[in-house]
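# Structural overview
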Amino acid sequence: MESTLELYEQNVIPSYGRFPLVLERGEGSRVWDETGKEYLDFGAGIAVCSVGHCHPRVAEAISRQARKLVHCSNLYYNRPQGELARRLVGYAGHPGKVFFGNSGAEANDGLYNLARKYGNEARSPLSRHAAGERLEYAPNRFEVITFDGSFHGRTLGGIAATGQEKVKKGFEPIPVGFPHVPFNDVPELVRAIGPETVAILMEPIQGEIGVLPATRAFLKAVRALCDEHGLLLMFDEVQCGLGRTGDWCAWQTLTGGEIIPDAISWAKGIAGGFPMGAFWVRDRKIALKNGGEISLADLLGPGSHGSTFGGTPLACTVANEVLTIIEDEGLLANAREMGAYAKSAVEALGSPLIRAVRGVGLMMAIELIPDFSARLGDTRPASQALIARLHAAGLLCIPSGAQSIRWLPPLNVTRAEIDRAVEILRNALT
Ligand SMILES: *Cc1c(COP(=O)(O)O)cnc(C)c1O
């Protein structure tokens, strides 16, 4: 019989750099591989299994709904979708409406469509003459500004929006309309806003490149610029949202809720591992070119956007259950407490091989010193070299570029599990 790795070698498109681990089952923060070896999963899949692996209430919700109704087309209504939408509107904290898809990239694709539709159908602001400069807004604005180091997914739109060359490489020509500017840099952003700009899309905390939060001042400045120029402020909360930072929304953690975005995308942890993506659009009046007025939340009207699998009764039931567990088990508070505990425990290691520990709640990166691999006599990049050692010792975590690893454990991770992970890390660093 072929091994699992051989089955992949022969039959699965090799688009991922995979670690040689075959995972077979999980429970809470732990997973076991095919040989029966146990690991602490401090990746939670990849920021996905928000209430841990195989939570009994989630397993029960899946099987209950699977026996009732798995799928019905969006030609019809289903109760769980309506209830989940109401719940997510509540988490956003402001009136709005939600669309359901199946992944982060798909949720973000919906945001680009929203921005395009807004650019085509909303009335652009009047031209401005300020301090000697003149900004004449185009009648059909379409550019979505994103940031260097961002990650927005692997569809063609996602590749265009993502501010990392390595993601675009080989897929040229890249669709136009997604200029990138440096993160947390207000003057550069001001310079980038032009006649065609229609929206700004950002991760409140950049995930893939090493857990970099936007500053409170930057977030407030971005909101003010969007108001000034009539742009949509769209947050990609696919990784940082729905509890990871200790609040339902990362921007709430970062700003104390001082600003309101126009749209938010979610995915990863939303249904605890069941595939789902969603985006919320704020209910606010916009002026249309034809002279009318409409709520932004109703701009994607009948026939304008869709998804065969989006918002099935099964997926929505699972998401409702996962989010109820986060509420019932007090996991926002746990994310705050355990996040702070993990961060100070790693800092307390005082390892000369660690350059910095960054984190907000249970979204944390450990950045290694530049000559980490050289010091260990390892030819791999620092993150790979460390992760190989952690895997051998029974701890799964996620690389973040070449120099950092990420800890994104389930939101119900315990103090004892963090102690264990820190112990494994200590041993790997000595
Ligand atoms: C993972 C991720 C995506 C892409 O989500 P998929 O479900 O893989 O399509 C988009 N944005 C951010 C911030 C992410 O972390």
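Residues numbered from 1 in each chain as written. Predicted model: local features only at pLDDT ≥ 70, side-chain atom pairs only at ≥ 80, totals over all residues. Heavy atoms only, no water.

### Side note on the site of the ligand
Note the threshold: Note on terminology: near, applied to a residue and a molecule or strand, indicates that one of the residue's heavy atoms is within 4 Å of it. What qualifies as a polar contact is a pair of N or O atoms within 3.5 Å, subject to a donor-acceptor requirement within protein and to the restriction that residues adjacent in sequence count only when both atoms come from side chains. The Shrake-Rupley method, run with a 1.4 Å probe, gives the accessible areas here. Residue values count only the displayed protein chains as cover. A helix here means a DSSP run of H or I that spans at least four residues, while a strand means a run of E at least two residues long, and both kinds are numbered starting from the N terminus.
Neighbouring the ligand are Ser103, Gly104, Ala105, Asn108, Phe151, His152, Gly153, Glu203, Asp236, Val238, Gln239 and Lys268. Here a nitrogen atom of the ligand sits 2.8 Å away from a polar atom, N or O, in the side chain of Asp236. Within the contact set of the ligand, an oxygen atom lies 2.8 Å away from a side-chain nitrogen or oxygen of Gln239. Protein chains bury 81% of the 380 Å² of accessible surface belonging to the ligand in isolation. The element contributing the most residues to the shell around the ligand is helix H5 (residues 104-121), with three residues.

### Here's the deal with the packing of helix H14 (residues 382-392) against helix H15 (residues 415-428)
The condition is simple: For helices, the fitted axis covers only the stretch in contact; all axes are lines through C-alpha atoms, and the angles between them, taken along N-to-C directions, range from 0 to 180 degrees. An angle below 35 degrees is treated as roughly parallel, one above 145 as roughly antiparallel, one from 65 to 115 as roughly perpendicular, and anything else as oblique. The crossing is said to be left-handed when, going from far helix to near helix, the turn is anticlockwise and less than a right angle, and right-handed when the turn is clockwise. Contacts between residues were defined by any pair of non-hydrogen atoms, one from each residue, lying within 4.5 Å. By the convention adopted, Pro, Cys, Tyr, Trp, Phe, Met, Ile, Leu, Val and Ala count as nonpolar, Lys, Arg, Asp and Glu as charged, and the other residues, Gly among them, as polar.
Running from N to C, H14 and H15 cross one another at 120 degrees; their axes reach a closest spacing of 9 Å. Judged by the angle between their axes, H14 and H15 are oblique. Read as a crossing pair, H14 and H15 show a hand that is right-handed. Across the interface between the two elements, Leu386, Arg389 and Leu390 of H14 pack against Ile424, Leu425 and Ala428 of H15. For the contact of H14 with H15, a count of residues per class yields five nonpolar, no polar and one charged.

### Considerations on the domain arrangement of the protein
Put simply, the test is: For the domain bounds, the source is a domain assignment made automatically or taken from a database. Throughout, the accessible surface (probe 1.4 Å) given up by two parts as they are put together, summed over both, is called the buried area.
Domain boundaries in the protein define domain 1 (4-54 + 332-429) and domain 2 (69-327). Its C-alpha centre places domain 1 at a distance of 29 Å from the equivalent point of domain 2. Every contact between the two is made by 25 residues of domain 1 and, on the other side, 26 residues of domain 2. When domain 1 packs against domain 2, close to 2100 Å² is buried across both sides, 64% of that on carbon and sulfur atoms.

### What to know about the environment of Arg420
Stated formally: Each residue gets one of three labels from its accessible area relative to the maximum for its type: buried under 20%, exposed over 50%, partly exposed in between, using a 1.4 Å probe on protein chains only.
With respect to the helices and strands, Arg420 occurs in helix H15. The exposure class of Arg420 is partly exposed, given its relative accessible area of 45%. The sequence separation of Arg420 and Gly394 amounts to 26 residues, and the corresponding C-alpha distance is 9.9 Å. Not counting the four nearest positions on each side in its chain, Arg420 is found in contact with Leu40 and Ala393.

### A closer look at the sheet that holds strand E12 (residues 232-236)
The criterion, for reference: Any two strands are treated as partners once DSSP identifies two or more bridges connecting them.
Read across the open sheet, the seven strands follow the order E4-E14-E13-E12-E9-E7-E8; overall the sheet is mixed. Looking at the sheet topology across the chains shown, the edges are occupied by strand E4 (96-101) and strand E8 (180-181). Note that strand E7 (residues 143-147) and strand E9 (residues 197-202) share three bridges and pair parallel. Residue Ile145 lies in a different strand from E9, and its bridge partner there is Ile200. Taken strand by strand, helix H4 (residues 79-92) contacts E4, strand E13 (263-266) and strand E14 (277-282), and its axis lies near 125 degrees from that of E4.

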